[in-house]
Amino acid sequence: MDQQKIGGFIATARRAAGFTQAALAERLGITDRAVSKWENGRCLPDASLMLPLCDLLNINVNELLSGERLNMDNYKEMAEKNLMALKEQEERHNRRLLNLECVIGFISVGTYMLMVFAACFAVQDAAWRVALIAGGMALMLVGCFFALKLEREAGYYECPRCGERYVPTMASVFIAPHIGRTRWMKCPRCGKRAFQKKVLTR
Ligand SMILES: [Zn+2]
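These numbers were taken from a predicted model, which means no experiment stands behind them. (Residues numbered from 1 in each chain as written. Predicted model: local features only at pLDDT ≥ 70, side-chain atom pairs only at ≥ 80, totals over all residues. Heavy atoms only, no water.)

Novice: What's the story with the environment of Leu 200 in this structure? I'm lost.
Specialist: Positionally, Leu 200 belongs in the segment after strand E5 (193-199). For the pair Leu 200 and Ala 127, spaced 73 residues apart in the sequence, the C-alpha separation amounts to 46 Å. Other than its neighbours up to four places away in sequence, Leu 200 contacts Glu 90, Glu 91, Asn 94, Arg 95, Leu 98, Gly 155 and Tyr 156. (Helix = DSSP H or I, 4+ residues; strand = E, 2+ residues; numbered from the N terminus. Contact = heavy atoms within 4.5 Å.)

Spelled out as C-alpha cells, the structure:
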C-alpha cells in the first residue's frame, strides 16, 4: 500500500466533501494532527476509523486503500490486492507483539532469578532476603501478566476440530495449561477441549 498516494487521495476526497482537516477530525472524534498525518502519508487511518472516514468522504474502503477512485474493471483486482496487503500488515503487527511478549517474559523471569540469587548469596539479613524474594516474585507476576495479555491480543487461537479462529477471554488464557503458545482451552464454537494453536491472522 502506498501511504503517500492514499494520503493525497484522502486530502482530495476531503476537499471534495467540503471538510477542513479540523472539521473532519471533529466528526471522527480525533485530533486534526492525526488527519494531517494521514494526508502527509506518515500513517494510515486506524482500522476502526476506516468505515466512518469513508462514509464521510463518500468513498469505499477499497478505494481508500488503493488511493484512487476505482471503476468496475479494476475493482475486484484491487480488492484482492488490498485484502492481501491488510493481512500481511496484521501478520507483521502480531508477530511484533509476540516477539515483545518473549522479551517481557525473559526479562521478568531473569530479574526474578537474579533477585533470588542475590537473596541466597549476597545478603545476610533475613528481612532483606524475604523482601528480595517476594519483590522478585511480584515483579515476575506483573511481567507474566503483561506478556500473557499481549499473547492474547496478538492474532487468534485456532480450534483443531472445527477450525474456528477466535480471541479467548483473558481468564481462559490465564488458567489454560500450555506448551509454548499452544493452549489447552475450550473452543467457543464447538465446545471441544483441545490444544488450540496460535495463528497470526484470521
Ligand atoms: Zn471448535
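Next comes the rest of the description.
Novice: Looking at this structure, I do not really get the sheet that holds strand E2 (residues 165-166). What am I missing?
Specialist: Paired through their backbone hydrogen bonds, the strands of a sheet run either parallel or antiparallel. Taken together, the five strands give an open sheet; going across it, the order is E2-E1-E5-E4-E3, and neighbouring strands pair in antiparallel fashion. In the strand order of this sheet, the two ends are held by E2 and strand E3 (178-179), each with one partner. (Pairing = 2+ DSSP bridges.)

Novice: Explain the domain arrangement of the protein to me, please; I cannot follow it from the model alone.
Specialist: A common measure of how large an interface is: the accessible area buried when the components associate. Parsing the protein into structural domains produces domain 1 (3-70) and domain 2 (155-202). Distance from the C-alpha centre of domain 1 to the C-alpha centre of domain 2: 36 Å. (Domains from an automatic or database assignment.)

Novice: Would you mind going over the pattern of salt bridges with me for this structure?
Specialist: Any two side chains of opposite charge can pair, given that their charged atoms come close. The final tally for this structure, using the stated rule, is nine salt bridges. Between Glu 68 and Lys 5 there is a salt bridge, with the nearest N and O atoms lying 3.6 Å from each other. You can see Glu 68 sitting in the loop between helix H5 (61-66) and helix H6 (72-121) and its partner Lys 5 sitting in helix H1 (residues 3-16), a full 63 residues away along the chain. Of the residues examined, Glu 68 reaches a relative accessible area of 29% and is grouped as partly exposed. The exposure class of Lys 5 is partly exposed, given its relative accessible area of 36%. (Salt bridge = Lys/Arg side-chain N within 4 Å of Asp/Glu carboxyl O. Buried < 20%, exposed > 50% of the residue type's maximum accessible area, 1.4 Å probe, protein only.)

Novice: Sorry, what's going on with the pairing of E5 here?
Specialist: If a strand is regular, its side chains alternate between the two faces of the sheet. Bridging between strand E1 (residues 156-158) and E5 involves three bridges; their strand directions are antiparallel. The residue of E5 that forms the bridge with Tyr 157 is Lys 198. As paired elements, strand E4 (residues 182-186) and E5 share four bridges and run antiparallel to each other. Bridge pairing links Trp 184 to Phe 195 in E5. A loop of six residues connects E4 with E5, the two strands running antiparallel in sequence, and Gly 191 in this loop sits at a positive phi of about 75°.

Novice: How do you make sense of H1 when you look at a structure like this?
Specialist: End to end, H1 covers 20 Å across 14 residues, agreeing with the expected 20 Å (1.5 Å per residue, within 8%). Of all the residues in H1, the buried ones are Ile 6, Gly 7, Phe 9, Ile 10, Ala 11, Ala 13 and Arg 14. Buried-residue contacts for H1 involve helix H2 (21-28), helix H3 (32-39), helix H4 (47-57) and H5. A positive backbone phi angle near 80° is found at Gly 18, which sits one or two residues after H1. (Expected span 1.5 Å × (residues − 1).)

Novice: Looking at this structure, I do not really get the coordination of the zinc ion. What am I missing?
Specialist: Where a metal carries four tetrahedral donors, each ideal angle is 109.5 degrees; where it carries six octahedral donors, the ideal angles are 90 or 180 degrees. At 2.3 Å from the zinc ion lie its protein donor atoms, namely Cys 159 (SG), Cys 162 (SG), Cys 187 (SG) and Cys 190 (SG). The coordination sphere of the zinc ion comprises four donor atoms, whose angles at the metal cover 107 to 115°; the geometry is tetrahedral. (Donors = N, O, S within 2.8 Å, 3.2 Å for Na, K, Ca; no water. Tetrahedral: all angles 85-135°; square planar, octahedral: opposite > 155°, others 65-115°.)

Novice: What should I look at first to understand unusual backbone geometry in this one?
Specialist: When glycine is set aside, most residues are seen to have a negative phi, and most peptide bonds are trans. Although it is not a glycine, Asn 58 sits at a positive phi angle of roughly 55°. With respect to the helices and strands, the residue Asn 58 is situated in the loop between H4 and H5.

Novice: What am I meant to see in the packing of H2 against H3 here?
Specialist: Angle between the axes and distance between the axes: these two values describe a pair of packed helices. It is at 8 Å that the axes of H2 and H3 come closest, and there the two elements cross at 115°. Of the possible angle classes, the one that applies to H2 and H3 is roughly perpendicular. The handedness of the crossing between H2 and H3 comes out as right-handed. Side by side, H2 and H3 meet where Gln 21, Ala 22, Leu 24, Ala 25 and Leu 28 of the first sit next to Asp 32, Val 35, Ser 36, Trp 38 and Glu 39 of the second. Taken together, the residues of the contact of H2 with H3 break down into six nonpolar, two polar and two charged. (Axes fitted to C-alpha atoms, helices over the stretch in contact; angles between N-to-C directions. Parallel < 35°, antiparallel > 145°, perpendicular 65-115°, else oblique. Left-handed = near helix turned anticlockwise from the far one by under 90°. Nonpolar A, V, L, I, M, F, W, Y, C, P; charged D, E, K, R; others polar.)

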